2 protein chains.
Amino acid sequence: MSCPFEAALADYWGAAPDPGPDPAHDMAHIARVWANVQAIAAEEPAPDMELLRAACVFHDLVSLPKDAPNRSDASRLSAEAARPLARSCGLPEAKLGAMAHAIEAHSFSAGIPPRTREAEILQDADRLDALGAIGIARMFAVSGSLGRALYDPEDPLARARPLDDTAFALDHFETKLLKLPATMRTEAGRRLAETRAAYMRDFLSRLMREIEPG
Amino acid sequence: MSCPFEAALADYWGAAPDPGPDPAHDMAHIARVWANVQAIAAEEPAPDMELLRAACVFHDLVSLPKDAPNRSDASRLSAEAARPLARSCGLPEAKLGAMAHAIEAHSFSAGIPPRTREAEILQDADRLDALGAIGIARMFAVSGSLGRALYDPEDPLARARPLDDTAFALDHFETKLLKLPATMRTEAGRRLAETRAAYMRDFLSRLMREIEPG
């Protein structure tokens, strides 16, 4: 996968003052989200793939650490920064606004409802990458980078305490990840999300058998 | 699970000048290794469980970061530091040497062959914790804490490049983890390791289907 959008992204990330992409939000994440966009778009009536391509490549242009207090601003900042880049890469003027909307609406924490089919597709494609085997890998990598414990050894499944995913990685399954399938806005997105969430539940059962045998 | 050994460990870790346990080597790791020790010991002719308990609780007493150049010394340093602690907790003098041997021989990187059944059991129990669902969780948490990428997007399975687990988390499956079952020294350890390695191969297949669909 190579395109002018990606070259512009690499330049931007290379020169950015912020810490740059983490292991969950790097070029590989963009490649996966693009694969998800294509899988979802294949079942939709003629979405604008050029716009989706630009929105996908630039959706995490400005990356803020998972624990940054202004993290919910990242998608708005990305949308803003993406306009001049997409313009210089030749995205038609008329599509810049819709691209920026898809970028700002993709984020979970920004809470901006998508108003176009393309924005819905990008949001679903990005959320899919938080699920399944890749979702498991990303979640533990991010929690490790933040120095969080894998789980609470006294109560791994939080049966008798409030969930706290700032302390325990495993709690993130319940606080966020396993809720994502219900937020999907496309047919294909929801179907794929449910399959991936089922796999995560299997992983969780197996993990529990390993850590609390007998 | 609570015992004088564990209280001594908590005191030691609390006062230690080193950075202390990482998410893969904390009290929860010790609880899992102890569960593995019990599962393996149940199929062995009367291993010394008191000695095993002390060796298990103290096996990561001195923790060095995964990327420390002297990491292979950690098990020797732990064995040394464990002697006075185990003595003060009441482990009989005659068992201190065998406990220290089991601790120094448990480590992959130290390369010290276990000379007793207890040392073999502890080594297998510790390696089991690097496999299965918990092995996946630990591996990605540690690689995230070291700032490593999840995988090489150009060649995730290293088909046309040398493996490099200092750059790519996924490479650690092949460089180390999937080789562990062949190093197991007890019947039960090997059987459990093979089941867990098979699960990891399934995870890897699923991950590949997600990241490189079609």
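Cut-offs applied
Residues numbered from 1 in each chain as written. Chains lettered and ligands numbered in written order. Predicted model: local features only at pLDDT ≥ 70, side-chain atom pairs only at ≥ 80, totals over all residues. Heavy atoms only, no water. Salt bridge = Lys/Arg side-chain N within 4 Å of Asp/Glu carboxyl O. Helix = DSSP H or I, 4+ residues; strand = E, 2+ residues; numbered from the N terminus. Buried < 20%, exposed > 50% of the residue type's maximum accessible area, 1.4 Å probe, protein only. Axes fitted to C-alpha atoms, helices over the stretch in contact; angles between N-to-C directions. Parallel < 35°, antiparallel > 145°, perpendicular 65-115°, else oblique. Left-handed = near helix turned anticlockwise from the far one by under 90°. Contact = heavy atoms within 4.5 Å. Nonpolar A, V, L, I, M, F, W, Y, C, P; charged D, E, K, R; others polar. Buried area = accessible area lost by both parts, 1.4 Å probe. Domains from an automatic or database assignment. Expected span 1.5 Å × (residues − 1).

Enquirer: Explain the pattern of salt bridges to me, please; I cannot follow it from the model alone.
Expert: For side chains bearing opposite charge, pairing can occur when the charged atoms are close. All names here are of chain A. Here the structure, examined in full by the defined rule, presents 22 salt bridges over all chains. Residue Glu43 pairs with Arg191 through a salt bridge whose shortest N-O separation is 2.7 Å. Here Glu43 is found in the loop between α2 (27-41) and α3 (49-58), whereas its partner Arg191 is found in helix α9 (residues 187-211), with 148 residues between them in sequence. According to the relative accessible area criterion, Arg191 is partly exposed, its value standing at 44%.

Enquirer: Hey, could you run me through the packing of α3(A) against helix α6 (residues 117-128) of chain A in this one?
Expert: Each pair of packed helices can be summarised by the angle the axes make with each other and by the distance between the axes. Residue and element names in this part refer to chain A. Between α3 and α6, the least distance of the axes is 10 Å, while the angle of their chain directions is 40°. In this view, α3 runs oblique relative to α6, as classed from their interaxial angle. By crossing handedness, the relation of α3 to α6 is classed as right-handed. Residues Leu51, Leu52, Ala55 and Cys56 of α3 pack against Glu118, Ile121 and Leu122 of α6. For the contact of α3 with α6, the residue count by class is six nonpolar, no polar and one charged.

Enquirer: Help me understand the interface of chain B and chain A, please; the structure alone is not making it clear to me.
Expert: A common way to report how large an interface is uses the accessible area buried once the components associate. Contacts between chain B and chain A engage 28 residues on the former and 28 residues on the latter. Between chain B and chain A lies a buried interface of about 2500 Å² when both sides are counted; carbon and sulfur atoms form 69% of it. For chain B, the biggest contributors to the area lost against chain A are Leu150(B), Tyr199(B) and Glu210(B); these three give 23% of the whole. Applying the counting rule to chain B against chain A returns zero salt bridges.

Enquirer: Any chance you could explain the domain arrangement of chain A here in plain terms?
Expert: Residue and element names in this part refer to chain A. For chain A, the domain assignment lists domain 1 (1-113) and domain 2 (130-214). For domain 1 versus domain 2, the separation of C-alpha centres amounts to 25 Å. Between domain 1 and domain 2, the residue contacts involve 12 residues of the former and 14 residues of the latter. Where domain 1 meets domain 2, there are one salt bridge. Considering only residue class, the side of domain 1 that touches domain 2 consists of four nonpolar, three polar and five charged.

Enquirer: Got a minute to help me understand α6(A) in this structure?
Expert: In an α-helix, one full turn covers 3.6 residues, which means residues spaced three or four apart are oriented alike. Residues and elements named next belong to chain A. Between its first and last C-alpha, α6 extends 16 Å over 12 residues, near the 16 Å set by a 1.5 Å rise per residue. Three or more residues of α6 are buried, namely Glu118, Ala119, Glu120, Ile121, Leu122, Gln123, Asp124, Ala125, Asp126, Arg127 and Leu128. Where α6 is buried, its residues contact α2, α3, α5 (93-105) and α9.

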